[in-house]
Every structure is written in C-alpha cells, then in structure tokens.
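A look at the structure
If you want the building blocks of each chain, they are given just below.
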Amino acid sequence: MKSLFVLSALVAVLWVFPKLWYTRTDTGQAVQWLAEQTNAPAWTYAEIGVDKSAERLLVADRLINGEFRKSDRSSPPIRVFGARRFKEDPKEIGLFVHTPDRCWVQSGWNLGAVSPDYIEVELHGRKVGFERRVFTVQGQEELVYFAGLVGGQTLPYRLDHNFSVSRRVVEAGAKDRITKANRWNDSVLWRRVMDSFVSRRPLLGPKQFLRISTPVIVGDLKAADRRLQEMLPLWLKPEDAAVTQTQARR
C-alpha cells in the first residue's frame, strides 16, 4: 500500500512539475506572432502546394508555401514556408522536429559548411534568431534561414538540434542518412532540451515555424544574404492580436 502511494505521488509530481516549472512567456518581450505576407512591392508571389505526406507529418493548422519573384525577373527567386499550430497536441510529432537540417538532408540535399550558422535579424523592432545554412544538390546551392516562435515569442535556445548529426551523416556519405539511433545519441539534441529546462521556456505550446531561402549564384553568399534580409521584413509583419485570438479559437 505504501509503495502504491509513493508511486502515485511520483506520477503526480511528474505530471504537475512541468506546468509549474516552465513559464509560458518571457516578461521581457512582447507576445507577437508574425503574419506571412504575399504582396511584397515589386515582387510577385506564387503559391506552391505542399506534398500531402509532408502535410500529414507536420499536422499544422496553417501552412504557407510559395515563391517570390521580381516582376522584371532581375533577381533570383525567394522561397518561403510558414507553419502554425494554434494548440499543442502531445500525441503529434513536434513542429520543430522537421527542420531543414533533417528533412532536406533526408531528401538528398548535402549540408555544407557556412559561417556564421546562426544570425539575428531585426524585424519591426525586435531581434529574431535564424539558423543559417547552405544546402547543395546536383551542383545547385541554396542559402536557407529558419526560425521558430513559441507562444508568439522568440526562443532563448537554437533550433540546431539536427545540425551536428546531419553534418556527420553527410560527411560519412551514409546512405540511410538520419536514423533514430544517430539522432537520439546526438549530444546537441539533449543540450537543447537542457537549454529549455534551464531557461524555463517550454518546448511545447502554440508554435510558428518560418523558413526562407534563395539560390546562391556563382558562390555569391553576400548577395543571397542581402536578398533574404531585405525580404524578411516585407514577408513577415507583426500580427494583429485580434487576428491571433480569432484563429486560436477555431
């Protein structure tokens, strides 16, 4: 009977502790989602359908996937992707599990070396941290930025939990690419879980994942960075609080 009581108490503690430990917001920053725009001046936008299998895997409440092109075709295209979950379902796979570090590598892209691999971009008065990568396939290079928000706030930890394992499998030329074994044995993944614990910021909750990319022409990374950083404030605008509340209630 005593052992049953101890077990019940332990289960109760494990159930309640995360709710008490993890804060939902950072009091030092505002709660502000970023709304994806499709009407950037001098650019035309075309929606691109998301593969049904990928859509089922993400289980997002809203998906944005498309491409911006200069009206006069004077610049390489800029590709954008956004996914939102208004409520977290613990039974569904996490929205941040499928970063380009994992999905693009599994799709056959190679992850190249680039420095820096993390940058902060100021968007409408606040800094948003973006992972920065260069992927290559069949001689084509693509510069990619991606970031995440939880509860409408930027994260105090990076979304690089797939980065080191992806680099290793690409360098080793592994045919099976990323497996469960090499992911769960990766120290960076567990370091990010610890970062979340120490910062008391949740891994779970309403989420937004953002990705933007553009081709790297003849190795000119500076020009590709410039295109993305000029497009970011045009593509992403602060979302009206009333809109956020309406969407969350649906």
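In the block above lies the structure referred to throughout.
All of the points below concern the structure found in this document. Predicted model only: the values in this text are computed from it and were never measured.

With respect to unusual backbone geometry
Look at the link from S115 to P116: it is a cis peptide, with omega at 0°. Along the polypeptide, P116 turns up in the loop between β5 (110-111) and β6 (118-123). One non-glycine residue, H124, lies in the positive phi region at around 55°. With respect to the helices and strands, the residue H124 is situated in the loop between β6 and β7 (126-137). Note on H124: relative accessible area 39%, which makes it partly exposed.

Some words on the pairing of strand β10 (residues 207-215)
Regular strands place their side chains on alternate faces of the sheet. In terms of residue burial, β10 counts as a mostly covered element, since nine of its nine residues are buried. The two faces of β10 match: K207, F209, R211, S213 and P215 on one face and Q208, L210, I212 and T214 on the other face are all buried. Judged from the seven bridges that link them, strand β4 (residues 78-85) and β10 form a sheet pairing that is antiparallel. Bridge pairing in β10 links R85 to K207. As judged from the nine bridges shared by strand β8 (residues 140-150) and β10, these two strands associate in the antiparallel manner. Residue pairing for β10: E142 is matched across the bridge by P215.

Rules and cut-offs
Residues numbered from 1 in each chain as written. Predicted model: local features only at pLDDT ≥ 70, side-chain atom pairs only at ≥ 80, totals over all residues. Heavy atoms only, no water. Helix = DSSP H or I, 4+ residues; strand = E, 2+ residues; numbered from the N terminus. Buried < 20%, exposed > 50% of the residue type's maximum accessible area, 1.4 Å probe, protein only. Pairing = 2+ DSSP bridges.

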